[in-house]
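Coordinate inspection notes
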2 protein chains.
Amino acid sequence: MSGRVTILTGGVGGAKLVLGLCHAIPADTVTAIVNTGDDFRHLGLSISPDIDTLLYTLSGKANAAQGWGREGESWSFMDAVRSLGGEDWFQLGDGDLALHVLRSERLRTGDPLSAIIADFAAAWGIAAPMLPMTDDVVATKVETNEGLLDFQHYFVRRRCEPVVRSIRFEGATAARPGPGVIKALSNPDCEAVLIAPSNPFLSVDPILSVPGIREALAGSRAPVIAVSPIVSGKAVKGPTAKMMTELGLDISAAAVADHYAGVIDAMLVDERDPPQDLAIPSARADTLMTTLHDRIRVARTALDLAASVRR
Amino acid sequence: MSGRVTILTGGVGGAKLVLGLCHAIPADTVTAIVNTGDDFRHLGLSISPDIDTLLYTLSGKANAAQGWGREGESWSFMDAVRSLGGEDWFQLGDGDLALHVLRSERLRTGDPLSAIIADFAAAWGIAAPMLPMTDDVVATKVETNEGLLDFQHYFVRRRCEPVVRSIRFEGATAARPGPGVIKALSNPDCEAVLIAPSNPFLSVDPILSVPGIREALAGSRAPVIAVSPIVSGKAVKGPTAKMMTELGLDISAAAVADHYAGVIDAMLVDERDPPQDLAIPSARADTLMTTLHDRIRVARTALDLAASVRR
């Protein structure tokens, strides 16, 4: 792999693969296109959960045990918010607040999210370009048995308990891809596009909902490879499996491949899964990414698969 | 003293006397009218330094050794802001941020500062009504040898080093007294009005600059007593003495009394000061407020002076 690699990603699970990629090949040849459908305003602050997870993961600041937020985080702010009767269902760590406060202020003065994130990434020495899928507002909404919920209300406040009926991405039809996004997909230097093992419905679909991105993937000379988020018939983390059941889908790599039909050229399937009947090329490997070593190995395996299915 | 007492106050020094008052007489009979000329926006947050000092002091959360902010404060936010290249000249503690974030959000949604502060005070069990001098924006600006500086730029960023030529309160002429302010001064139950030993030019003058407050003081049946901020020919804290020199004034209780001429009926002067030639009644006492015991004693002495000069 001598060219560039672009990866579509959500937060925690995706960030692990992006980190692996950044060790498998030179980090500055990896471009991450990041979901912003989870972004929301809370306590007047503009919060970008998936982008921030990438920032923490790629700069070595992530809390590995917790799975989100900063290592060594403190919680004086939340304690004081609680003492004042403020909303405390969304945890904002003391150090984490810096991203939200500085981002909110710059957004208020008219700076685009992409420029702000580029500055944050540079300040923290992140070599891989991190591109928000869009600088426009796209908000993931979940239609459930409890009504239409904002994403974070579904995900954090209601802990994914409501039954999902459908998902929509408000603002998507009017959104434009963020600066560099289309180029990262259609650049002749791009040798592979990966879709991270993030939640297909909540983390990857928002990216694909931005007009122009699906078309750029179709027109790319690089093969598009999805890493399956399913391991042993379960999702590694988060509500993917529960949602697939609620949406009437099998919990399987094949169902995810079907969901990505027309977008992906091949899929990396976990070796613990039962044999899959896929209409596209695939490879099987251990896709669990517990250690950094695992992450690098999965990244390399996905790139090998890409090399074998060149368009 | 069986009625109510109202005190005009700035931050640190004034808060000590307010705390003493709240122990000398029932706290719910003490009304503090608080300077908001220091209020400013920083990193997109609305910050009210004097009000917050009162909130911390009266709820037992103040950092006594440091003289400002919260006891046991942590600084992860500032560390992260610095790592991101953000402005770090104004210290915002992790716990302290809760006041700023919650206040900013409520101001943005249209709530007046007075209502927000009343809620904060109630949440923290503060019995004494704390009234912002105004719900409108009044901004203290300092004309110096380095040009016109915003208050916090003069006070914190430039550490009061520029030479002060004059001070103005932008927005004051159009400002209205905050809810309850005029009543707290003109209520027949009000038996004394105290002016805290805060900086006369930076902390008390902004309050007096709000149209209606000076008139309410003049019309009050309660005597108005200033506690001198000068001890042994020096200011206890802050730039009062330096400013008085720069403004061509003696550093003396008499000069402060002259400054308040027409507003105050009597002054409590520190016993270490040289004899003063005052045109108004005065008493002498130890006015240093190191311990809570000191604060209660000074409060009682000021109330005794008020009782002796009833209008």
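Conventions adopted
- Throughout this document, residue positions are counted from 1 along each chain, in the order its sequence is written.
- All chains are assigned letters beginning at A, and all ligands numbers beginning at 1, according to the order in which they are written.
- Reporting of local features is limited, given that this is a predicted model, to residues whose pLDDT is at least 70; pairs of side-chain atoms are given and counted only at 80 or more, and all residues count toward the totals for whole chains, interfaces and linings.
- To get the side-chain values, take all heavy atoms of the structure and skip hydrogens and water.
- A run of H or I in DSSP counts as a helix once it spans at least four residues, and a run of E counts as a strand once it spans at least two, with each numbered from the N terminus.
- Partly exposed residues are those whose accessible area sits between 20% and 50% of the maximum for their type, while under 20% is buried and over 50% is exposed, using a 1.4 Å probe and protein chains only.
- Should a side-chain nitrogen of Lys or Arg be within 4 Å of a carboxyl oxygen of Asp or Glu, the pair is scored as a salt bridge.
- For the least-squares superposition of copies, only C-alpha atoms count, and only for residues with pLDDT at least 70 in both.
- The contact criterion used throughout is that any non-hydrogen atoms of two residues lie within 4.5 Å.
- Here Asp and Glu are counted as negative and Lys and Arg as positive; His is not counted, and neither are the chain ends.
- For the purposes of these results, a polar contact is taken to be a pair of N or O atoms within 3.5 Å, where, inside protein, one atom must be able to donate a hydrogen and its partner to accept one; residues adjacent in sequence count only when each atom of the pair is a side-chain atom.
- Grouping buried Ala, Val, Leu, Ile, Met, Phe, Trp, Tyr and Cys residues that are joined through side-chain atoms within 4.5 Å yields what is termed a nonpolar core.
- Between any two strands, at least two bridges found by DSSP are needed for them to pair.

1. A word on unusual backbone geometry
Here the phi dihedral of C160(A) falls at roughly 60°; this positive angle occurs in a residue that is not glycine. Mapped onto the fold, C160(A) is located in the loop between α6 (151–157) and β8 (164–170). The class for C160(A) is buried, based on a relative accessible area of 10%. The phi dihedral of L43(B) falls on the positive side, at around 55°, and the residue is not glycine. You can see L43(B) is positioned in the loop between β3 (40–42) and β4 (45–47).

2. What about the pattern of salt bridges?
Residues and elements named next belong to chain A. According to the stated counting rule, one finds 36 salt bridges over all chains in the structure shown. Close ionic contact of D136 with R176 constitutes a salt bridge, the shortest N to O distance being 2.6 Å. Residue D136 is located in the loop between β5 (130–132) and β6 (139–144), and its partner R176 is located in the loop between β8 and α7 (181–186); the two are separated by 40 residues in the primary sequence. Of the charged contacts, one joins E146 and R158 as a salt bridge, the two residues approaching to 2.5 Å between their closest N and O atoms. On the criterion of sequence distance, the pair formed by E146 in the loop between β6 and β7 (147–150) and R158 in the loop between α6 and β8 is long-range, its members being twelve residues apart.

3. A look at helix α2 (residues 49–58) of chain A
Residue and element names in this part refer to chain A. The element α2 is extensively covered by neighbouring structure, given that ten of its ten residues are classed as buried. When α2 is considered as a whole, its buried residues turn out to be P49, D50, I51, D52, T53, L54, L55, Y56, T57 and L58. G60 occupies a position one or two residues after α2 and carries a positive phi of about 75°.

4. So, the relation of the copies chain A and chain B
For the pair chain A and chain B, the relating rotation is 180°, the translation along its axis is 0.0 Å, and the fit reaches an RMSD of 0.0 Å. Such a turn and shift between the copies fits a two-fold axis. No C-alpha of chain A approaches the rotation axis more nearly than that of D94(A), which lies at 2.7 Å. An overlap of 100% is found between the interface residues of chain A and their copies at the interface of chain B, pointing to a shared contact surface.

5. Considering the side chain of E73(A)
All names here are of chain A. Structurally, E73 can be placed in the loop between α2 and α3 (76–83). The charged side chain of E73 is buried without a salt bridge, its nearest counter-charge being R70 at 4.5 Å. For E73, the side chain forms a polar contact with the main-chain nitrogen of G95, separated by 2.8 Å. In this structure, E73 is in contact with G93, D94, G95 and D96, ignoring residues within four places of it in sequence.

6. Considerations on the nonpolar core
Ranked by internal contacts, the top residues of the largest apolar core, which has 122 residues, are F77(A) and F77(B). The contact partners of F77(A), leaving out residues within four places of it in the chain, are L43(A), L92(A), D94(A), L97(A), D94(B), G95(B), L97(B), A98(B) and V101(B). Membership of the second largest hydrophobic core comes to 47 residues, among which are A175(B), L185(B), A222(B) and A226(B).

7. Thoughts on the pairing of strand β13 (residues 266–270) of chain B
All names here are of chain B. Among the five residues in β13, five count as buried, and that is most of the element. Along β13, one buried face is formed by A266, L268 and D270 and the opposite face, lined by M267 and V269, is buried too. Sheet topology note: the strand β10 (residues 224–227)/β13 ladder contains three bridges and is parallel. Bridge pairing links I225 to A266 in β13. Where β13 lies against strand β14 (residues 282–285), four bridges are found, and the strand directions are parallel. Its bridge partner being in β14, M267 is matched across the sheet by S282.

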